[in-house]
Amino acid sequence: MSHPRQAGSPSSKLNFTGYSADAALFAFQSPLSKGALLADEADLGKTIEAQRNEKRRSLFEAQDAIDRQRENLITLIEGKLLLEVRLEPLFHLAWRMN
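For every chain, the first residue of its written sequence is number 1, and the numbers climb from 1 along that sequence. Note on the predicted model: pLDDT of at least 70 is required for a residue's local features to be given, and 80 or more for side-chain atom pairs to be given and counted; whole-chain, interface and lining totals, by contrast, use all residues. With hydrogens and water stripped out, all remaining heavy atoms of the structure feed into the side-chain values.

**Focus on the overall build of the protein**
What counts is decided by this rule: Think of it this way: any DSSP run of H or I at least four residues long counts as a helix, any run of E at least two long counts as a strand, and we number them from the N terminus. Relative accessibility under 20% of the residue-type maximum defines a buried residue, over 50% an exposed one, and the middle range a partly exposed one, all with a 1.4 Å probe and only protein chains included. Areas reported as accessible are Shrake-Rupley estimates using a 1.4 Å probe. Residue values count occlusion only from the protein chains shown.
When helices and strands are counted, the protein shows 2 helices and 0 strands. Counting every position in the protein, which comprises 98 residues, the buried fraction comes to 5%. A total accessible area of about 9,900 Å² is found for the protein, and carbon and sulfur atoms account for 59% of it.

**Observations regarding the pattern of salt bridges**
Side-chain pairs of opposite charge can arise where the charged atoms are in close proximity. Test applied: Salt bridge, as applied in this entry: a Lys or Arg side-chain nitrogen positioned within 4 Å of an Asp or Glu carboxyl oxygen.
Taken as a whole and assessed by the stated rule, the structure comprises 3 salt bridges. The salt bridge partner of Asp-67 is Arg-70, with a shortest N-O separation of 3.8 Å. Taken together, the residues Asp-67 and Arg-70, both in helix 2 (residues 41-87) and 3 residues apart, mark about one turn of the helix. Given a relative accessible area of 27%, Asp-67 falls into the partly exposed group. Residue class for Arg-70 comes out partly exposed when judged on its relative accessible area of 45%. Residues joined by salt bridges that share partners form a network here, namely Asp-67, Arg-70 and Glu-71.

**Structural notes on a nonpolar patch on the surface**
Put simply, the rule reads: Residues with no salt bridge and a relative accessible area higher than 30% make up the patches, which join like charges within 9 Å and nonpolar side chains (Val, Leu, Ile, Met, Phe, Trp, Tyr) within 5 Å.
Together, Leu-90, Phe-91, Leu-93, Trp-95 and Met-97 line one region of the surface with nonpolar side chains, adding up to about 790 Å² of accessible area. The class for Leu-90 is exposed, based on a relative accessible area of 79%.

**Some details on the confidence of the model for the protein**
Quick note on the threshold: The pLDDT score gives, residue by residue, the confidence of the prediction method on a 0 to 100 scale. By definition in these notes, contact holds between two residues if any of their heavy atoms fall within 4.5 Å.
For the protein, per-residue confidence averages 75 on the pLDDT scale, and 62% of positions sit at 70 or higher. The low-confidence segment residues 1-10, where pLDDT is below 50, has 6 contacts with residues more than four positions distant or belonging to other chains.

So this is what it looks like as structure tokens:
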């Protein structure tokens, strides 16, 4: 039966970087912590990458919606400006009949 390596064992080799180091520090600094189980780098990386991609997609979709709203507003305003220009009198004639 094999046992997982522990951080304190001489045969263990831990290489914490970025998000894994932050997660490990958070877990071990908790006053309620009696240890921690960390996902391997590939699984944790895939999860974070998927979340990042989802947020990125969401931002692009939001930007597309904003761009569509802007174009619709510009079209609406231009239409109203053209309508107002067409309704504006160019000159006024005053005349009387005797």
